[in-house]
Every structure is written in structure tokens, then in C-alpha cells.
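Summary of structural features
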Amino acid sequence: LYSCGLRVSEAVKLRVADVNLESGILTIRDAKFGKSRLIPLSDSLLSRCREYRENVIYWFRDDDFFFIAPDRTMLSPNTVYQRFRKLLWASGIHYGGKGTGPRLHDLRHTFAVHTLQHWVESGEDLTAMLPVLSVFMGHGSLEATSRYLRLTAEVYPDVMRRVESVCGYVIPEGAASEAN
């Protein structure tokens, strides 16, 4: 979820055929807003997915879910949430309850914020890259991506100063509060 910025629903709906372990590309099909997209895997995540395929799901067919429940159906998002909470507990991280986190969806938010931070630090043209992030994450609009700019502003104010100086006009003031 963190490495690709996926929604939980997108991860659990992946089929074996959607995870191309040769090219290192995920195919996200018919996600939120009916969008489909291609997501590149990092080398480390590609390696882990190959290990998983070889050692855990070596007998699966292309139409099986990549992350499969014991009864060979789609892994429930609720199961993923419960495992996440168990990992938090085992790691000594307090789970504050519904709405107070940390939440599983925070991994997606962190992906977006870290991507913006990396682009700023490497001198990328943010007027060109911000729409790329929006499409990459499957947002319905550029305004929906603006929530990550707000999170970035809270955690990385120096990054936001640079973003605003380069592309402050891309997302009109007040759009962050209206984003889905």
C-alpha cells in the first residue's frame, strides 16, 4: 500500500494476471471512479512479490486473486485492517480508535507526501509532476490531490514553500477543503 500508493480495495482486488512480475507493473482495474491504471513496482517490492508468488501462491491461476483468502476468494479489506492493527500492537504503536489512527489509509497519504518531498528535493518541475501524481493515485481530479499538499505543508513547510513558488496557481486557494 505504501510502496505503490494503493487503496486497500485496489490491493485486494489484484488478480495474479494483474501483477506482472516480468515487467514489474501492476494493473489496477476499474478502481474508484471506474479508472484503470498501470503502477510500476520498486525493485524491492518486485522482489518481495516474486518471492510471494514462488513460495506462497506458486499453484495459483492467472484469474485467482493475488492476495487470496483461505477459501480462494478475495481477501477481505476488513482482514487487512485487522492485521494492520495487530502489527501496530506488536510494534508498540498505539491505535487511537476509529478516526484517530494510525489508519491503514495513512500509508497511501504517506506515499503521496513522500513523493512530493522527493520531487521537490530532486528539483522536479512540480507543475508537470503534480498532475502525474494525481493520475498515478487514481484521483478523480487534481483538487483531490490537494489534500496531500495540505499534509505536506503541515509536516514539510519548506517543501510547501517551494511548491507554492513553482505551481501555487495549479490548485486554487480553498480547493483543498473542497477535495473529496
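None of the values given here were measured: they were computed from a predicted structure.

Thresholds applied
- Residues numbered from 1 in each chain as written.
- Predicted model: local features only at pLDDT ≥ 70, side-chain atom pairs only at ≥ 80, totals over all residues.
- Heavy atoms only, no water.
- Pairing = 2+ DSSP bridges.
- Helix = DSSP H or I, 4+ residues; strand = E, 2+ residues; numbered from the N terminus.
- Axes fitted to C-alpha atoms, helices over the stretch in contact; angles between N-to-C directions.
- Parallel < 35°, antiparallel > 145°, perpendicular 65-115°, else oblique.
- Left-handed = near helix turned anticlockwise from the far one by under 90°.
- Contact = heavy atoms within 4.5 Å.
- Nonpolar A, V, L, I, M, F, W, Y, C, P; charged D, E, K, R; others polar.
- Buried < 20%, exposed > 50% of the residue type's maximum accessible area, 1.4 Å probe, protein only.
- Arc of directions from axis to C-beta.
- Phe/Tyr/Trp six-rings, centres within 6.5 Å; stacked < 30°, edge-to-face > 60°.
- Lys NZ or Arg CZ within 6 Å of the ring centre and 35° of its normal.

What to know about the sheet that holds strand β1 (residues 19-20)
If you walk across this open sheet you meet the three strands as β1-β2-β3, and the pairing is antiparallel. The strands lining the two open edges of the sheet, one partner per strand, are β1 and β3 (37-40).

Remarks on the packing of helix α4 (residues 106-121) against helix α5 (residues 126-136)
Where α4 contacts α5, the two axes come as close as 11 Å, and the packing angle between them is 160 degrees. For the element pair α4 / α5, the angle class is roughly antiparallel. Between α4 and α5 lies a crossing of right-handed hand. Where α4 abuts α5, its residues F111, A112, T115, L116, W119 and V120 lie against L126, M129, L130, V132, L133 and F136. Class assignment for the residues of the contact of α4 with α5 results in eleven nonpolar, one polar and no charged.

What to know about α5
For α5, the complete set of buried residues consists of L126, M129, L130, L133, S134 and F136. Considered in projection along α5, the buried side chains sweep an arc of 165 degrees and stay on one side of the axis. Just beyond α5, the residue with positive phi is G138, at close to 75 degrees.

Considering the packing of aromatic side chains
Counted by the stated rule, this structure contains five aromatic pairs. Relative to F66, the ring of Y52 lies with its centre 5.1 Å away and its plane at 55 degrees, an arrangement referred to as tilted. Within this pair, whereas Y52 is found in helix α2 (residues 43-55), its partner F66 is found in the loop between α2 and α3 (77-90), the two being separated by 14 residues in sequence. Classification of F66 as buried rests on a relative accessible area of 1%. Across the ring face of F65, the terminal group of R15 is positioned such that the distance to the ring centre comes to 3.9 Å. Over the aromatic face of F60 sits the side chain of R72, whose NZ or CZ is 5.5 Å from the ring centroid.

Distances and angles like these do not, on their own, reveal function.
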